[in-house]
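Structure at a glance
What follows is each chain in one-letter form.
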Amino acid sequence: MGSLALIIKREYKARVSNRSFIIMTFLSPLIVVGMIMLITYLTQLNQAGKQTIVVVDESGLFYKDFESTAEIDYLDLSPQGLDTAKDLVEEQNYFGLLYIPENVKKNTSGVRFYGNEAPGISTIEGIEEQIETKLTNEKLLDRGVDLDLIDASETLVSITIEDFSGERTSKISNWIKAGFGGGAGYLLMMFIIIYGNMVMRSVIEEKTNRIIEVIISSVKPFKLMMGKIMGTTLAGITQFMIWLLIGGGLLTFLTLFLGLDANTPNAAMGGMATTDLDKIELILLDVLNLPLLKLACFFLIYFIGGYFLYSSIYAAIGAAVDSETDTQQFMLPIIMPLMLAIYVGFFAVIENPDGSIATIFSMIPLTSPIVMLMRIPFGVPWWQLALSVGILIATFIFTVWFGSKIYRVGILMYGKKPTYKEILKWIKY
């Protein structure tokens, strides 16, 4: 067996047999699923209580006009007056009191909400909308405008979106595509950060324990660095697959255990209007029309290329320092391209996936693994994909060569924090 294969095997065994690795492999899915279930429970608990808002309307315009919702009940106590209503709110521990003055048509700033705590944004906006609608209608009536005529004249327009082949799509198609692409890009970024740091810590650990001096006597630095990167990659993929199996199985089990009725969605859809069902159908068609196979294939390609690219940088940094604390000065140049890629993806790709900004950043190797994955659902010419992958592979090869130069000198340097100037000198050795 070649020396590279031996290093990969050694690194893989060292990672997967580590106690903390084993614990987090099986504990992480439990924590994530537990958090999902806790958030779901707390959300339901937060929506379980119904709030009561007392209304005192001195203008007489809104008598029982406020529409109660699933979260809010409106109780009209206008005949009892403001002071009595305030006492009743405090006595019955109601959520709040809405006061509408007599001259509300001329002075809308006189509307007040009394309560021990401020209402939520959606609650206050819902109240404002109902008051604004009512006052607008009253002013139109005062000017002799027929409201029934206005309602009859109201026209709703829903534009149907089709391509030139006649295939329909939904209005939120871009958000669906961005969601799939963004999820793939974000997953790749997290993998790079987590397992890239693992490569760096592995190098620092062996350097600190002086094990590296023994290893380097029988293998070239380039092969040693590649072996660490590939071994850690395999360990990371193993851990990730176990997370998917445990997390997916646990979520399925808990869903069934909680007794969610499979017929519930069908029953809910039965009460929907035809237009709502059409919208759902278009959304499902958008999901099915996504290039899922293409996205999966290029996710694998960009995952390998992007991870190897950044891991070689992490390995070089690990070789250049003596402790993990010393790595902080080098972290910003690594994290910034990843953050920039996420920013460009969500703000440039969604608005214009074929724009110059999105296209350029999908070619730059430090950002292309994330940006290009976000562009693929929108449709990318094959020549751009080929060019982007080619540049990424060439840059990866160059970075491995560049990193091995630093690695070759840095793994035997002890007791001194290197500067960027010194690291550049190492490349010339």
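Quick note: structure is the one above.
Anyway, here's the lowdown on the structure attached to this text. (Residues numbered from 1 in each chain as written. Predicted model: local features only at pLDDT ≥ 70, side-chain atom pairs only at ≥ 80, totals over all residues. Heavy atoms only, no water.)

Let us now look at the packing of helix α11 (residues 292-320) against helix α14 (residues 368-375). Relative orientation of the contacting elements α11 and α14 amounts to 170°, with a least axis distance of 9 Å. By the angle between their axes, α11 is roughly antiparallel relative to α14. Between α11 and α14, the residues in contact are L295, F298, F299, Y302 and G306 and S368, P369, M372 and L373, respectively. Of the residues contributing to the contact of α11 with α14, the split by class is 7 nonpolar, 2 polar and no charged. (Axes fitted to C-alpha atoms, helices over the stretch in contact; angles between N-to-C directions. Helix = DSSP H or I, 4+ residues; strand = E, 2+ residues; numbered from the N terminus. Parallel < 35°, antiparallel > 145°, perpendicular 65-115°, else oblique. Contact = heavy atoms within 4.5 Å. Nonpolar A, V, L, I, M, F, W, Y, C, P; charged D, E, K, R; others polar.)

With that settled, the discussion passes to the packing of aromatic side chains. Considering all chains together, one arrives at 10 aromatic pairs under this definition. Ring centres 4.6 Å apart and planes at 75° place the aromatic pair F191 and F303 in the edge-to-face group. With a gap of 112 residues between them, F191 in helix α6 (residues 173-208) and F303 in helix α11 connect regions that are remote in the sequence. Taken individually, F191 and F303 each receive the classification buried, so the pair is uniform in this respect. On the basis of an interplanar angle of 40° and a centroid distance of 5.4 Å, the ring pair of F308 and F396 is categorised as tilted. Within this pair, whereas F308 is found in helix α11, its partner F396 is found in helix α15 (residues 382-410), the two being separated by 88 residues in sequence. Taken together through their ring pairs, the aromatic side chains of F191, Y195, F299, F303, Y307, F308 and F396 make up a single cluster. Positioned above the aromatic ring of Y114, the side-chain terminus of K86 is 4.2 Å from the ring centre. For the cation-ring pair, K294 lies above W382, with the distance from its terminal atom to the ring centre recorded as 4.6 Å. (Phe/Tyr/Trp six-rings, centres within 6.5 Å; stacked < 30°, edge-to-face > 60°. Buried < 20%, exposed > 50% of the residue type's maximum accessible area, 1.4 Å probe, protein only. Lys NZ or Arg CZ within 6 Å of the ring centre and 35° of its normal.)

What follows covers helix α3 (residues 82-92). Buried within α3 we find L82, A85 and V89. Looking down the long axis of α3, one finds its buried residues gathered within 60° of arc, a one-sided arrangement. Set apart from the buried face of α3 by more than 90 degrees, the exposed residues are D83, E90 and E91. Where α3 is buried, its residues touch β1 (51-57), β3 (96-100) and β4 (112-114). Looking one or two places after α3, you find N93, whose phi comes out positive at around 60°. (Arc of directions from axis to C-beta.)

Limitation: the analysis is restricted to geometry and does not speak to function.
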